[in-house]
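Coordinates in review
The primary structure of each chain is shown beneath.
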Amino acid sequence: MADERETPSGIPVSPVYRPGDVTSDYPRDVADPGVFPFTRGVQPSMYRGRLWTMRQYAGFGTAQETNARFRHLLGAGQTGLSVAFDLPTQMGIDSDSPRAQGEVGRVGVAIDTVEDLAELFDGIPLDKVSASMTINATAATLLAMYVVVAEERGIARSVLSGTIQNDILKEYIARGTYVYPPEPSLALIAETFRFCAAEVPNWNPISVSGYHMREAGATAVQELAFTFANGLAYVQRAIDAKLAVDSFAPRLSFFFACHNDLFEEVAKFRAARRMWARLMRDRFKASDASCKLRFHTQTGGVTLTAQQPLNNVVRVAVQALAATLGGTQSLHTNGYDEALSLPTSEAATLALRTQQIVAYESGIASTADPLAGSYYVESLTDELERRALELLARVEELGGSAKAIQAGFFQEEIGRSAYAFQLAVERGETVIVGLNKFSEGNEAPVVLLPDYSKLAAVQIARVKAVKGSRDAAKVKASLAALASAAPNVGTPQGELMPLIITAVRARATVGEISDTLEGAWGHYRPN
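What this report covers is the structure whose coordinates are included nearby. (Residues numbered from 1 in each chain as written. Predicted model: local features only at pLDDT ≥ 70, side-chain atom pairs only at ≥ 80, totals over all residues. Heavy atoms only, no water.)

1. Things to note about the packing of helix α11 (residues 262–284) against helix α15 (residues 375–397)
Remark: α11 packs on α15, axes separated minimally by 8 Å, with the N-to-C direction vectors making an angle of 50°. Taken together, the axis directions place α11 and α15 in an arrangement best described as oblique. With respect to the hand of their crossing, α11 and α15 are arranged in right-handed fashion. When α11 is examined against α15, the residues Phe263, Glu264, Val266, Ala267, Lys268, Arg270, Ala271, Arg274, Met275, Arg278, Leu279 and Arg283 are found in contact with a partner set consisting of Tyr376, Val377, Glu378, Leu380, Thr381, Asp382, Leu384, Glu385, Ala388, Leu389, Leu392 and Glu396. In terms of residue class, the contact of α11 with α15 is built from 13 nonpolar, 1 polar and 10 charged. (Axes fitted to C-alpha atoms, helices over the stretch in contact; angles between N-to-C directions. Helix = DSSP H or I, 4+ residues; strand = E, 2+ residues; numbered from the N terminus. Parallel < 35°, antiparallel > 145°, perpendicular 65-115°, else oblique. Left-handed = near helix turned anticlockwise from the far one by under 90°. Contact = heavy atoms within 4.5 Å. Nonpolar A, V, L, I, M, F, W, Y, C, P; charged D, E, K, R; others polar.)

This is how it looks when you write it as structure tokens:
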């Protein structure tokens, strides 16, 4: 029986690769780094000129706890912040709401008011450190809070740098933290594009996320195709809102996962840059600045095992190598204990040290795209692009992302891949060391969880204190103005960001702003 092998995306792998296996033409399809279609990188010198931003995703119960972790990581050499919010914050529910019971502070930091965000970034120079916020349905509100915190510290919004994820389509597909229906949600996203282009020029108004679809079971091919289907929908929506493509597209960012098949992942990132560059130029006549795919990478959460958790140190190192060999602009490396609980300080520091060792000791940063010219990597890059474009065409035949979501296409495709992967693991065809092979002594360690009820009580007291001390008339007036404008979102009469900022400034809560918009737009109910 032949020794047949394939990548996790089902691409057959030959025992050896030769020049004839590469179909791409160097000047047309590969080119030098910094040159369209940017296959080899978006900057001519890549990491010789500037290393990737090193971020560690963090969010612990209260703003005070998370601030302590931020300070620790910055002191250890981290170069950017990345905020994890709890589920009530993500879904526009205040901590003192009965709907938040049992969830306050459990998977990230609870943020109810601008006072919480101010404490989250206490002592951190917002004009010097970039902040990434994994927030979607309530992204506009958290951006408004960030602007107001800076404003009250005397920092101009024009110098702020960071990212809001703000990618609602993938929430309908794979993650579930949506609030409003797609139509007003997309209009609000276009409104944040407009606001950032005019007022916060160094801010990325969206991070189009393939990561969560990959976490749900998507293959690398599906991650590429579905991420770009969503990205094209956002670009088109902004253009329909009368924004010139080159006024916002240079600030678009993307967010990918990185899994264990080192060569497929490197090829995926190279194919991604080429695909996006050509899609933007061919469809929107975008400039080169708008064709550059800038992306953050996170090592794969679903690749971590609770059994033999120290094995995860090696997995994360392999994934970090793949991400940087593939030319990421920003990287989060998971802690080895994240399959068990929120990462300990020790695990988070080791994850950061992993990036630093790759950056300063591996030689990766010495030259751009060091795997270019590998017959295998170039062949994989070509095949990933071909398959992803075929899948993207299927989405577009359905009418684009919104209609494909309504038809259940994304969900079915990802579900099928996830099921096939699980069967392969259970049959032992896909080896996971310490889980289905070499599994002696694989008992997961006992983890002591924090007292979440105590954390919740502290946060509930905080939000009630703010509500009790603010000017109620100002809050009421600001929310009324927002409610009046919300039905017009997507038109000049519906420019909501200034109104959300006014409400935040008056100390309206995340939940109150969300409820106001939900009152105008309704709540999304999937078919």
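2. Digging into the side chain of Thr333
Note on placement: Thr333 falls in the loop between β11 (330–332) and α14 (345–361). From its side chain, Thr333 meets the backbone oxygen of Ala351 in a polar contact 2.7 Å long. Every residue in contact with Thr333, bar those within four places of it in the chain, is listed here: Arg55, Gln56, Thr299, Val316, Ala320, Ala351, Leu352 and Gln355. (Polar contact = N/O pair within 3.5 Å; in protein donor to acceptor, adjacent residues only side chain to side chain.)

3. A closer look at the nonpolar core
Counting 143 residues, the largest nonpolar core has Phe121, Phe228 and Trp276 as its most contacted members. The greatest single-element share of this core, amounting to 12 residues, is contributed by α11. Filtering out sequence-adjacent residues up to four positions away, Phe228 remains in contact with Phe254, Phe256, Ala272, Met275, Trp276, Leu279, Leu293 and Leu392. Counting residues in each nonpolar core, the second largest holds 5 residues, with Ile93, Val104, Ala110 and Ala456 among its members. (Core = buried A, V, L, I, M, F, W, Y, C linked by side-chain atoms within 4.5 Å. Buried < 20%, exposed > 50% of the residue type's maximum accessible area, 1.4 Å probe, protein only.)

4. Structural notes on the environment of Tyr17
Mapped onto the elements of the fold, Tyr17 is located in the loop between β2 (12–13) and α1 (26–30). When the C-alpha atoms of Tyr17 and Gln298 are compared, they prove to be 30 Å apart, with 281 residues separating the residues in sequence. Non-local contacts of Tyr17, meaning those with residues more than four positions away in its chain, are made with Pro12, Tyr375, Tyr376 and Ser379. Among the polar contacts made by the side chain of Tyr17, one reaches the main-chain amide nitrogen of Ser14 at a distance of 3.0 Å.

5. Description of the pairing of strand β4 (residues 80–84)
Of all the 5 residues making up β4, 5 are buried; the element is thus mostly covered by neighbouring parts of the structure. Where burial is concerned, the two faces of β4 agree: the one with Gly80, Ser82 and Ala84 and the one with Leu81 and Val83 are both buried. Alignment of strand β3 (residues 53–58) against β4, held across 4 bridges, turns out to be parallel. Within β4, the position partnered with Arg55 by the bridge is Gly80. Regarding topology, helix α2 (residues 63–75) serves as the crossover connection from β3 to the parallel β4, and that connection is right-handed. Judged from the 4 bridges that link them, β4 and strand β5 (residues 131–134) form a sheet pairing that is parallel. Note on β5: the bridge partner recorded for Val83 is Met133. (Pairing = 2+ DSSP bridges. Right-handed = clockwise from strand over helix to strand, strands pointing away.)

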